Amino acid sequence: MRKTGFAVLVLVALCNFGVWSVANRPVSERPWTGVITGVAVSPYQAHQNPLAGDRPSDADLERDLKTLAGHVTSIRTYSTVGGMERVPALAGHHGLTVTAGAWIQGKPEIDQPEIAGLIQIARDNPNVRRVIVGNEAILRSDITVAQAIQDITLVKSQVSVPVSTAEPWHVWLANPDLAEAADFIAVHFLPYWEGVPIEQAVDYALSRYNELKQKYPGKPILISEVGWPSDGPWRRGAEASQVNQARFIRNFLIAATQNQLDYYILEAFDQPWKRALEGGAGTAWGLWDAYRAPKFPMVGDIVEVPGWPVLWVVALALALGPMLWFLRGHGHLRPGGQFFYCLMIQGVASALVWTTAAAMTVGLATSTEIAWGVLLLCQVLLFGVMLIDGFELVHVVWTERVRRGFQPFRELPDNPLKVSIHLPCYNEPPQMVIQTLDALSRLDYPDFEVLVIDNNTDDEAVWRPLEAHCARLGERFRFFHLPKWPGYKAGALNFALDHTNPAAQVIAVIDSDYQVTPDWLRSMVPFFDRPQVGFVQSPQDYRNWQGESFKTMIHWEYAGFFHIGMVQRNEYNAIIQHGTMTLIRRSALEKVGRWAEWCITEDAELGLRLLESGYESVYIAKSFGQGLVPDRFLDYKTQRFRWAYGAVQILKHHWRELLPGAARLTAGQKYHFVTGWLPWFADAAHMVFGIAGILWSLALLLLPKYFEFPPNVFMVPTLSVFLFKIAACFWLYEVRVKCGFWNKLGAAVAGMALTHTVGRAVWQGLFTSGRPFVRTPKCEHQPAMLQSLIMAAEEVVLLIGLSGAALAIVLVFGHENRDAFLWSGLLGVQSLPYLAALVTSMINSWHGIESYLNLK
């Protein structure tokens, strides 16, 4: 196995290398070897924000200008206040000429100091060759064309250098008066914002330049902004990427040299603070990143992430420890399973490194760092759930041998143990319970008793027939009616324990609707001959599902737990005890403190206490009885709510024993109890994410200037995890449950339909305690179609909210931003559990309508 493990590690490392290299395959482009004429400069550092009053220090300015010297000959500035008034003089020390700008907003208290500063800078600094009064102020509607002309005229009267204002090409074309007033045309060509594909971008900019040149012959034209971002949303046909940025810049510089263009590249350095104004693209126009590192070479091949080999090594190192741990402890898996799971570990590590690297390279404001931190934490949790699902998958598909496989006994020992069967019931249909009792009477076992405990049923017509029937069945059957009894089901079981025959050494529990097979006890009780066995369990099974779509769906959904999850848990002596078809050593039950009346899932809680006390469990995935599946979707939800709420109660009570340092449970038991319930906490998180998705979508629609779509580094992995979970579910069913495709699909829909119910139960369980036991009704009338909507009312509301948000996002942003489709896809994924709830409820109702019509 050492050779196999080493081969697996090598193969995974090579696969990881291949993915990183393909994602960053070199792109050839024409080289640029000259000096750049000019770049626009906003000298704010990675964590500075001028909107918050931050100012670059003299040391910051000196460092930035020193970085630019030798690469460019001129710089363009945008403001004359907030420290920017020092830039021209410092630039002169580095031999850089300056086109100085004043930031105009149409507010006298802002504009007058800017204009005064611009005039002073032009007078004091001989390296200021031109000035620009305002930057896209007309485009933003901060000022009118007439006001712009007035500002230009004012500055022209007081400086000896050419004066203009900077606007996009279409503003200049539409306003000849503005062009006439200006000494030169300062024009912006930003094809990305216009959705021009990268292949056409440079030609497009040149065509607009020529259009202006033809419109205003003889008027000097300065391209005051031209560039392409390395990050940002997809806009119609324009994709922001580092490769595309490098392609545009190189090709434009070559074209500018050939056509003797005067230009300023937008811009020198990435500016994270612009995210609040222009989204992700606004931060990423720099030739250098926010930490002043060059983003791409001007000569040679271009790659999207130049340092990807380092990231590959980091991802490999991050995954190496978990992979070695997995390979050491799981040699019983076939090589295919070892490779598959190690590849999953490596994929998760690479995705986390990719995400973290993306966050570190852009430079973030504090609020954005917090948002990315929350998203990264969510991604870690999401990947954790995926690895748990994958762990189960590889153990089901690629296990070479079963370590704790048990088979039913065929023969009884010479001295079979006496069994006391406890049957608690509350307000159950008498005929149903009578059928259960009749099945018990046919047990092929020499020594057993049956105690029927009816607690808190008020109607004598319900419990009197049971009392009479027990009398008819003979002395083995005893009936107890408890008019007002505390503790719900656990209280009834504790009462039964007090009235159990002293000779009984095994306690068996079944639900009131279960009809057991005659061989149940003779097949299972002999396992107690081993004194360390605390309880023996067989799966729940059902008899009333054939021919009804709703019941068929939930039957196969139940089957997944009993034939996949429980089988795997049995390998680690970590099964969940469930309160029917279970047999418990009486002395162990009494030793650990009997049934817990504080917990509404007293069966699972007792099983955990037995394991904590060192007892073993036995699980056989063979049916020895069948009960009734819930008749209504509402009953199905109520049952699962009780299970999830009880699980949270158990975790709150036993969490110390599940910690790594606790000694009462094995590592495998801790793992399965924590990870077995972790998906229910993921359902609780899904509720939060669904509501957050709706609110975020509303913010995108109503406040687009202040909100942007989450980065692709979060959206793409999230969608991938969802697809993996669906594929893993079908794969597990194919191996263990052996039902047809439509039954697999129905089981998946039914399980998904409970997401909201489970999530709500988890949240209530975290913040409340002592919720009363709620029984699962049996033999209820089918609901009407209207009731199906009522049964899924909360889910329908969230479904409408998420699907409506997804549609609105596509309609508003889909024509220009590909990220809108990813976000809508995420909203669609989030809405699927709510859609599944509606579909399941409607299927349930449809059978009710069919039955009603047939009766008519």
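Note that this is a predicted model, so its numbers are computed, not measured. (Residues numbered from 1 in each chain as written. Predicted model: local features only at pLDDT ≥ 70, side-chain atom pairs only at ≥ 80, totals over all residues. Heavy atoms only, no water.)

A. Helix H16 (residues 488-498), seen in detail. The element H16 is largely enclosed, with a buried count of nine among its 11 residues. The complete set of buried residues in H16 reads Lys 489, Ala 490, Gly 491, Ala 492, Leu 493, Asn 494, Phe 495, Ala 496 and Leu 497. Elements that come into contact with the buried residues of H16 comprise strand S9 (419-425), strand S10 (448-455), strand S11 (477-482), strand S12 (506-509), helix H19 (586-591) and helix H20 (602-612). (Buried < 20%, exposed > 50% of the residue type's maximum accessible area, 1.4 Å probe, protein only. Helix = DSSP H or I, 4+ residues; strand = E, 2+ residues; numbered from the N terminus. Contact = heavy atoms within 4.5 Å.)

B. Representation of the packing of aromatic side chains. For the structure on display, the rule yields 38 aromatic pairs. With a centroid separation of 5.1 Å and an interplanar angle of 80°, the aromatic rings of Phe 17 and Trp 312 are classed as edge-to-face. Separated by 295 residues along the polypeptide, Phe 17 in helix H1 (residues 2-23) and Trp 312 in helix H11 (residues 308-329) bring together distant segments of the chain. Look at Phe 633 and Tyr 636: their rings are 6.4 Å apart centre to centre, the planes differ by 50°, and that puts the pair in the tilted class. Of the two residues, Phe 633 and Tyr 636 are both situated in helix H21 (residues 633-654); the distance of three residues between them amounts to about one turn of the helix. (Phe/Tyr/Trp six-rings, centres within 6.5 Å; stacked < 30°, edge-to-face > 60°.)

C. Representation of the packing of helix H22 (residues 667-702) against helix H25 (residues 755-767). Here H22 crosses H25 at 95°, and the two axes come no closer than 7 Å. In this view, H22 runs roughly perpendicular relative to H25, as classed from their interaxial angle. The segment H22 lies against H25, with Trp 680, Phe 681, Asp 683, Ala 684, His 686, Met 687 and Val 688 engaging Thr 755, His 756, Val 758, Gly 759, Arg 760, Val 762, Trp 763 and Leu 766. Along the lines of polarity and charge, the residues of the contact of H22 with H25 split into nine nonpolar, four polar and two charged. (Axes fitted to C-alpha atoms, helices over the stretch in contact; angles between N-to-C directions. Parallel < 35°, antiparallel > 145°, perpendicular 65-115°, else oblique. Nonpolar A, V, L, I, M, F, W, Y, C, P; charged D, E, K, R; others polar.)

D. Fine view of the pairing of S10. Burial within S10 is extensive, with eight of its eight residues counted as buried. Because side chains alternate across S10, one face comprises the buried residues Phe 448, Val 450, Val 452 and Asp 454, and the other comprises Glu 449, Leu 451, Ile 453 and Asn 455, equally buried. Direction of pairing for S9 relative to S10: parallel, over a ladder of seven bridges. Each bridged residue has a counterpart across the sheet, and for Pro 424 the counterpart in S10 is Ile 453. The parallel pair S9 and S10, bridged by helix H14 (residues 430-441), forms a crossover whose chirality is right-handed. Sheet topology note: the S10/S11 ladder contains six bridges and is parallel. (Pairing = 2+ DSSP bridges. Right-handed = clockwise from strand over helix to strand, strands pointing away.)

E. Seen up close, the sheet that holds strand S16 (residues 616-619). Pairing is mixed across the open sheet formed by seven strands, whose spatial order is S11-S10-S9-S12-S15-S14-S16. On the outer flanks of this sheet lie S11 and S16, each paired with one strand and no other. Taken pair by pair, the neighbouring strands of this sheet meet at an average axis angle of 20°, ignoring direction. In terms of strand pairing, S12 meets strand S15 (residues 582-585) through four bridges, oriented antiparallel. From the neighbouring strand, Val 506 faces S15, where its bridge partner is Arg 585. Here H14 sits on the sheet in contact with S9, S10 and S11, set at roughly 175° to S9. Across the sheet, helix H15 (residues 460-473) touches S9, S10 and S11, and the angle it forms with S11 is around 160°.

Purely geometric stuff here, so don't read any function into it on its own.
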